[in-house]
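# Observations on the model geometry
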Amino acid sequence: MFKKNDLTELEITALTSDGDGVGRAGELVFFVPNTAVGDTVNTRVLKVKKNVAYGRVEEIVAPSRDRIDPDCPVSNSCGGCVYRHISYEAELRAKRQKVIDAVTRIGKLSADLVKDIIPSENIEGYRNKAMIPVGLNRSGEVVMGFYARHSHNIMHCINCRLSPDIFNDIAADFYDFISCRPELVYSSTNRRGIRHLYLRYAESSGDVMVCIVAGEKNFKGDKELYNSVIEKYPTVKSIIVNINPDETNVILGKKTYTVYGSDHITDNLCGLNFDISPQAFYQVNRRQAERLYGIAADYAALSGNEFLMDLYCGTGTIGLSMADKCRELIGVEIIPEAVENAKKNAARNGVSNARFICGDAAFAADKLRAEGVRPDVIVVDPPRKGLTPELIDTIAQMSPERIVYVSCDPATLARDLALFADKNYSVKEITPVDMFPRTAHVEAVVMMSRKD
Ligand code: SAH
């Protein structure tokens with residue numbers, strides 16, 4: 001039996017859905033981060049439970065063929081990238097396998113339904129959104145960067161490989177400004193000051209939004225800071241303050257006000273222009289989002305005459321990108337600002353067959369069902385927790401011919417597909433899409449059709 005601090009040699013034979021390596025020592029299953037399938041590693045035992053144990057690499061005895069040199073100094077501690085030490089091909093294999101594991105084990109579906117994964121064109125600098133925590137370390141120094149894996153400790157790093165250069169430049173200047181002004185930085189004891197630097201980028205126009213998230217209600221910010229950003233970065237078209245006084249993991253508070261320029265930026269996606277407010281969801285990898293929506297459109301197989309429902313529609317992007325191929329579109333979204341964006345987005349793109357409803361998807365869909373609404377095709381794109389059984393029931397009662405499920409969590413997707421199978425819907429095809437290179441996350445699009 002192992003105990004803490006023991007050393008053991010392990011062969012890594014698989015990866016978990018979070019990207020940790022899996023190895024076996026007798027009956028005990030070890031989880032070891034920063035390893036690759038095919039590695040033999042000397043592992044320091046960190047924690048032993050009944051059937052599982054957790055370890056850390058002490059030494060790589062024989063490296064896997066998948067290994068590459070991690071090209072980021074903080075990749076071992078950062079909670080963002082978990083695949084920086086393996087080749088992109090190996091990462092894509094792991095991600096496709098993650099989808100297969102979920103749909104076969106949880107969804108009880110055949111692995112043959114899962115098509116090849118769609119790789120991302122960019123694996124660096126692809127993110128158009130960064131939320132960079134700002135805080136004070138134990139010595140009272142200003143730190144900003146990212147949260148360490150499984151923790152809320154801020155590791156200092158102002159140069160992220162996943163961010164575009166403009167974000168890293170703005171973050172570096174912001175740090176120069178704030179590092180000698182710790183009084184402007186939030187801490188859980190003073191509960192005032194800046195908590196996050198939140199950046200958004202519209203790739204098609206180059207426009208940037210800078211949002212400062214602060215703890216106190218009457219935060220005024222700093223004119224010197226705003227002016228220096230505006231002068232140096234002409235593509236910054238919007239500076240916004242968001243107020244979040246709560247001790248919570250949720251980054252944005254409810255209140256925002258604009259201190260410079262516009263209250264949104266505008267990006268072009270699938271040939272349409274979309275206004276994006278700070279609170280609204282927008283796909284972080286724009287080029288890959290176009291591919292994702294392309295697959296969703298193939299699966300929706302619209303001929304021009306269908307009634308399309310887009311649940312969890314955000315700023316309306318998926319539905320609006322298909323609006324010219326359907327008779328009528330209804331979108332449902334819970335964030336009021338995103339619904340406002342969606343309505344304006346429809347108007348500015350000349351889409352006149354769409355309407356958007358603000359509300360909980362399950363509640364709104366049930367109300368529409370009761371009013372007799374019967375879409376031909378329903379697209380759902382929920383957050384990680386997936387759909388509720390009630391919503392699955394409502395969707396089945398509306399009896400659309402096809403359902404397109406866009407998911408960012410294979411486990412909840414697989415759970416929901418099993419429920420749809422009980423409601424007369426069968427899965428025709430599943431395509432994994434890599435929206436988030438170097439992280440453990442993978443997106444999947446599913447086509448289901450009604451069994452008649
Ligand atoms: N389809 C959009 C957004 C997908 S993200 C796109 O591709 O851009 C999921 C969206 O669901 C977010 O906009 C989120 O605000 C919204 N959402 C979360 N919970 C919801 C609920 N209960 N009802 C409706 N929308 C919800």
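Cut-offs applied
Residues numbered from 1 in each chain as written. Predicted model: local features only at pLDDT ≥ 70, side-chain atom pairs only at ≥ 80, totals over all residues. Heavy atoms only, no water. Helix = DSSP H or I, 4+ residues; strand = E, 2+ residues; numbered from the N terminus. Buried < 20%, exposed > 50% of the residue type's maximum accessible area, 1.4 Å probe, protein only. Contact = heavy atoms within 4.5 Å. 1 Å grid on protein atoms, 1.4 Å probe; cavity = no way out; pocket = protein on both sides within 12 Å on 5 of 7 lines; lining within 4 Å. Points joined across faces, edges and corners; volume = space filled by probe spheres on them. Nonpolar A, V, L, I, M, F, W, Y, C, P; charged D, E, K, R; others polar. Pairing = 2+ DSSP bridges. Axes fitted to C-alpha atoms, helices over the stretch in contact; angles between N-to-C directions. Phe/Tyr/Trp six-rings, centres within 6.5 Å; stacked < 30°, edge-to-face > 60°. Near = heavy atom within 4 Å. Polar contact = N/O pair within 3.5 Å; in protein donor to acceptor, adjacent residues only side chain to side chain. Areas by Shrake-Rupley, 256 points an atom, 1.4 Å probe, with all protein chains shown as cover.

### Quick word on the environment of Asn-5
Looking at the element boundaries, Asn-5 is found in the segment before strand E1 (7-15). According to the relative accessible area criterion, Asn-5 is partly exposed, its value standing at 47%. Sequence-distant contacts of Asn-5, that is, excluding residues within four places in its chain, are made with Arg-44 and Val-45.

### Some points on empty space enclosed by the protein
For the coordinates displayed, the defined rule picks out one cavity of 30 Å³ or more. Size it by volume and the largest cavity reaches roughly 40 Å³. Taken together, Phe-174, Leu-197, Val-210, Ile-212, Leu-225, Tyr-226, Val-229 and Ile-239 form the lining of the largest cavity. Of all the elements in the fold, those that place two or more residues in the lining of the largest cavity are strand E10 (207-214) and helix H3 (223-232). Among the elements that make up the lining of the largest cavity, the one with the highest residue count is H3 (three residues). Here the lining of the largest cavity is composed, by residue class, of eight nonpolar, no polar and no charged.

### With respect to the sheet that holds E10
Here seven strands make up an open sheet; going across it, the order is E8-E7-E6-E9-E10-E11-E12 and the pairing mixed. Edge positions in the sheet fall to strand E8 (154-156) and strand E12 (255-261), since each of these pairs with one other strand and no more. With direction set aside, neighbouring strand axes in the sheet form an average angle of 30°. Where strand E7 (residues 142-147) lies against E8, three bridges are found, and the strand directions are antiparallel. Paired with Gly-145 across the bridge in E8 is His-156. Packed on one face of the sheet, helix H2 (residues 165-179) meets strand E6 (129-136), E7, E8, strand E9 (194-202), E10 and strand E11 (236-243) and runs near 155° to E9.

### A look at the packing of aromatic side chains
One pass over the full model with this rule turns up four aromatic pairs. A ring pair is formed by Phe-2 and Phe-30, whose centres lie 5.5 Å apart and whose planes are at 85°; its orientation type is edge-to-face. Placement of the pair is Phe-2 in the segment before E1 and Phe-30 in strand E3 (residues 28-32), with a sequence separation of 28 residues. For the pair Phe-31 and Tyr-54, a centre-to-centre distance of 5.7 Å together with 40° between the ring planes defines the contact as tilted. With Phe-31 in strand E3 and Tyr-54 in strand E5 (residues 52-62), this residue pair connects regions lying 23 residues apart in the sequence.

### Examining the site of the ligand
The environment of the ligand is made up of 16 residues, and the closest members are Tyr-293, Glu-333, Asp-360, Ala-361 and Asp-381. In the model, an oxygen atom of the ligand is placed 2.6 Å from a nitrogen or oxygen of the Tyr-293 side chain. Residue Thr-317 places a side-chain N or O atom 3.1 Å away from an oxygen atom belonging to the ligand. When the free accessible area of the ligand is taken as 570 Å², the share hidden by the protein chains comes to 89%. Residues of the shell around the ligand, tallied by class, amount to nine nonpolar, four polar and three charged.

### Considering the environment of Ala-53
Among the structural elements, Ala-53 can be located in strand E5. Sequence spacing of Ala-53 and Gly-135 is 82 residues, and the spatial spacing of their C-alpha atoms is 33 Å. If we skip the residues at most four places from it in the chain, Ala-53 touches Leu-28, Val-29, Phe-30, Phe-31, Lys-47 and Val-48.

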